[in-house]
Amino acid sequence: MSYFLHLLILLEIYLVVAASLNLLVGHAGLLQVAHAAYFGLGAYTSSLLMTELGVGFLPAVAGAGVAGGALSLLVSLPAWRFRGDAFVMMSLAVQVALFAIFYNWVDLTGGPFGLSGIPKPVTWGIELDTSGSMSAAYGVMVALCIGMLFLLTRSPFGRSLQAVRDDELAARSLGIPARRLKVEAFAVASALVGVAGAMYAAYASYIDPTSFSLDESILMLSMVVVGGTGNLRGPLVGALTLIAIPEVLRFAALPDAFAANLRLLAYGLLLLVLMRLRPQGLAGQYRYE
Amino acid sequence: MEAATTMEMALNEAARTRGAAASARAMLRDVKIAFGGQTVLDGVTFDLRPGELALLGGENGSGKTVLLNVLSGHLAPDRGSVELQFGERRVDAVRSSPERLARLGLGRLWQDIRLFPSMTVLDNVLAGTAGMLGQNPILAVLALPAVLRQERMARKRAHQNLATVGMADRAQSSCDMLSVGQMKRVAVARLLQMEASLLLLDEPLAGLDADAAEAFSHDLGRLCSKHGKTILVVEHRHDAISRFADRVWKLNHGRLEEIERSHV
């Protein structure tokens with residue numbers, strides 16, 4: 001039972017990750033490859049707030065969201081004209097820079113040794129020290145995050161963002177402030193993945209830079225591509241699929257070294273098959289051409 | 001055709017709900033622009049006054065679309081001034097972004113239409129709605145009742161505008177399933193949704209049959225005479241529009257020539 005609750009908690013966390021990335025990739029048309037870095041920023045921010053400053057879980061989660069949003073704004077200011085390939089390169093630079101900070105600022109982040117002893121969440125005096133209580137509390141938090149994304153994507157904000165993705169020139173000629181919208185979408189997505197990072201840190205009790213590497217960013221992007229973009233079903237299906245693959249392989253009782261490579265092979269194969277047969281992903285609306 | 005002739009009804013409705021649309025004026029002085037050493041616009045000067053309909057002709061590649069790009073803030077000229085007036089407000093189009101000019105009241109119909117292909121017909125029209133609270137992500141979540149109220153009103157107006165262009169029954173269709181003529185009608189509905197006072201129309205009659213083109217031209221004339229819209233139309237099919245036009249211009253090797261109405 002606790003094994004399934006563990007999977008449920010991972011699914012909850014990665015649902016927020018994939019749905020927030022979907023806002024950027026699916027709705028704004030911005031290919032972000034630094035999502036794991038923002039995820040890590042949220043994880044480190046909340047962990048340090050809780051362990052060093054004694055801040056409670058919920059304020060620490062809010063702090064993680066603010067950190068993610070603030071960094072995205074800082075990045076957007078010099079890079080607000082970037083689009084297409086240039087945006088990908090810019091986000092790659094952010095991924096590499098943040099990972100280097102997580103890895104090398106040993107005094108603050110613990111460097112390669114990571115941070116341990118992150119306290120279990122306590123909300124309104126209730127300690128969430130069991131998988132059941134944590135999955136229920138995370139369920140509420142995920143519902144709030146997904147609800148917010150649902151409202152945003154169904155609002156004029158989401159419609160305008162979609163217009164910008166389809167044809168920026170036409171959108172601007174209708175009075176839609178394309179650049180501002182992209183900066184705002186970037187901030188919302190980064191804040192939400194920061195929140196997911198805080199949830200992950202509190203659940204794992206230990207974090208180190210390997211959880212926030214470029215490989216992880218590509219895994220997150222794969223969730224969006226596999227599940228599909230442009231709606232909220234896609235990220236759910238994508239997160240579920242990519243969390244399920246290693247768990248299914250676990251039951252195959254393969255040697256560890258082989259299983260890890262087979263997992264990567266399975267991800268790659270899945271992406272290839274989808275790009276060929278179903279470019280819009282398993283449950284998406286928007287086609288990658 | 002029926003769709004086009006009912007355009008005026010929609011404008012009457014818009015005028016009732018928003019008050020008279022602000023009049024617009026476009027003034028170009030000595031505008032020059034060159035690409036790779038080749039002069040495209042050479043000292044273009046005109047004053048398009050409020051409520052006037054101007055027809056701009058010229059050979060392919062004579063710079064008609066470039067002129068529209070300059071007027072709509074997409075392209076800065078090498079020399080000269082471009083001044084637009086919306087009501088009492090004067091703006092320098094060279095220093096203004098296209099989105100700012102659109103918010104002030106400049107609407108553009110593109111030669112290649114440029115609908116948003118992944119959106120429905122209705123959403124394409126709704127995308128033209130100005131001043132939506134829900135375009136701000138914070139208000140979209142925190143001021144939900146007001147956002148929903150505004151969205152309902154915008155949807156109602158969008159349905160009216162789609163009915164005006166004869167596309168009411170295609171509101172939920174995907175835009176990439178439409179014919180060129182239908183796409184053009186949706187683009188016109190989007191302009192109506194914007195409630196722009198200065199319209200720049202790039203070959204609006206392309207893809208319309210003779211009757212529809214005639215009716216559309218007639219409505220353009222009424223838009224100017226009765227509703228004070230200022231319109232610049234780039235069109236090869238002079239025959240349909242010229243009799244409703246107040247001014248007829250031709251671009252010839254980058255120079256703007258005014259053609260006497262009697263010679264049209």
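Since the structure is predicted, the reported quantities are computational estimates derived from the model, not experimental observations. (Residues numbered from 1 in each chain as written. Chains lettered and ligands numbered in written order. Predicted model: local features only at pLDDT ≥ 70, side-chain atom pairs only at ≥ 80, totals over all residues.)

## Brief notes about the overall build of chain B
Of the regular secondary structure elements, chain B holds ten helices and ten strands. Over its C-alpha atoms chain B spans a radius of gyration of 18 Å, differing by no more than 12% from the 18 Å that the globule rule assigns to 264 residues. Taking the principal axes of the C-alpha coordinates as reference, chain B spans close to 55 × 40 × 35 Å. Considering chain B as a whole, with its 264 residues, one finds that 46% of them fall into the buried category. Partitioning the contacts of chain B with sequence separation of at least 6, the portion at a separation of at least 24 is 71%. (Helix = DSSP H or I, 4+ residues; strand = E, 2+ residues; numbered from the N terminus. Rg over C-alpha atoms; globule rule 2.2 N^0.38 Å. Buried ≥ 20, exposed ≤ 12 C-beta atoms within 10 Å, placed from the backbone. Contact = placed C-beta atoms within 7 Å.)

## Observations regarding the sheet that holds strand E8 (residues 230–234) of chain B
Residues and elements named next belong to chain B. The six strands are arranged E6-E7-E8-E3-E9-E10 in an open sheet whose pairing can be described as mixed. Where the open sheet ends on each side, the last strands, each with one partner, are strand E6 (106–109) and strand E10 (255–258). The average angle at which neighbouring strand axes cross in this sheet is 20°, direction not considered. One ladder, built from four bridges, connects strand E3 (residues 53–58) with E8; its direction is parallel. From the neighbouring strand, leucine 56 faces E8, where its bridge partner is valine 234. This element, helix H8 (residues 180–194), spans E6 and strand E7 (198–202) of the sheet and lies at about 180° to E6. (Pairing = 2+ DSSP bridges. Axes fitted to C-alpha atoms, helices over the stretch in contact; angles between N-to-C directions.)

## A closer look at the interface of chain B and chain A
In this complex, chain B contributes 28 residues to the contact, which on the side of chain A involves 22 residues. Of all elements in the fold, only helix H4 (98–104), helix H5 (121–126), helix H6 (137–142) and helix H7 (144–164) of chain B reach the threshold of two or more residues within the side of chain B that touches chain A. Looking at which element gives the most residues to the side of chain B that touches chain A, the answer is H4(B), with four residues. Its residues placed into classes, the side of chain B that touches chain A shows 16 nonpolar, six polar and six charged. (Nonpolar A, V, L, I, M, F, W, Y, C, P; charged D, E, K, R; others polar.)

## A few points about the sheet that holds strand E4 (residues 79–86) of chain B
Residue and element names in this part refer to chain B. In spatial order, the strands read E2-E1-E4-E5; together these four strands make up an open sheet with antiparallel pairing. The open sheet has two edge strands with one neighbour each: strand E2 (38–48) and strand E5 (89–92). Pairwise comparison of adjacent strand axes, ignoring direction, gives a mean angle of 20° for this sheet. Taken together, the seven bridges between strand E1 (residues 24–35) and E4 define a ladder with antiparallel strand orientation. If you follow leucine 28 over to E4, its bridge partner there is valine 82.

## A look at helix H2 (residues 35–52) of chain A
For the α-helix, the turn length of 3.6 residues means that residues three or four positions removed from each other point alike. All names here are of chain A. For H2, built from 18 residues, the straight-helix expectation of 26 Å at 1.5 Å per residue is met to within 8% by its first-to-last C-alpha distance of 25 Å. Within H2, 15 of the 18 residues are buried, which leaves the element mostly enclosed by the surrounding structure. In the segment just after H2, glycine 54 is the residue with positive phi, at about 70°. (Expected span 1.5 Å × (residues − 1).)

## Examining the nonpolar core
One recurring pattern in soluble globular proteins is that nonpolar side chains are buried together. Core analysis: the biggest nonpolar cluster contains 162 residues, and Val16(A), Val17(A), Ala18(A), Val195(A), Ala196(A), Met199(A) and Val233(B) have the highest contact counts within it. Ranked by the residues each element gives to this core, the list is headed by helix H9 (residues 178–204) of chain A, at 17 residues. With near-sequence residues (within four places) excluded, Val195(A) lies in contact with Val16(A), Gly42(A), Val61(A), Ala64(A), Gly65(A) and Cys145(A). (Core = buried A, V, L, I, M, F, W, Y, C linked by C-beta atoms within 7 Å.)

## Notes on the pairing of E2(B)
Residues and elements named next belong to chain B. Judged from the eight bridges that link them, E1 and E2 form a sheet pairing that is antiparallel. Its bridge partner lying in E2, isoleucine 33 is registered against leucine 41. As consecutive antiparallel partners, E1 and E2 are separated by two residues, and within that stretch glycine 36 has a phi angle of approximately 55°, a positive value.

## Re the packing of helix H1 (residues 2–27) of chain A against helix H6 (residues 131–154) of chain A
Residues and elements named next belong to chain A. Look at H1 against H6: their axes get within 10 Å of each other, and the N-to-C directions meet at 15°. The angle between the axes of H1 and H6 places the two elements in the roughly parallel class. Relative to H6, the crossing made by H1 is left-handed. In this structure, H1 uses Ser2, Leu5, His6, Leu8, Ile9, Glu12, Leu15, Val16, Ala19, Leu23 and His27 to contact H6, whose residues at the interface are Ser131, Gly132, Met134, Ser135, Tyr138, Gly139, Val142, Cys145, Ile146, Leu149 and Thr153. Taken together, the residues of the contact of H1 with H6 break down into 13 nonpolar, eight polar and one charged. (Parallel < 35°, antiparallel > 145°, perpendicular 65-115°, else oblique. Left-handed = near helix turned anticlockwise from the far one by under 90°.)

## Structural notes on the confidence of the model for chain B
Residues and elements named next belong to chain B. Put simply, chain B has an average pLDDT of 86, and 90% of its residues get 70 or more. Taking the mean pLDDT of every element in chain B, the minimum, 47, falls on helix H1 (residues 2–5) and the maximum, 96, on H5. In this model residues 14–21 is a low-confidence stretch, pLDDT under 50, and it forms eleven contacts with partners more than four residues away in sequence or in other chains. (pLDDT = per-residue confidence, 0-100.)

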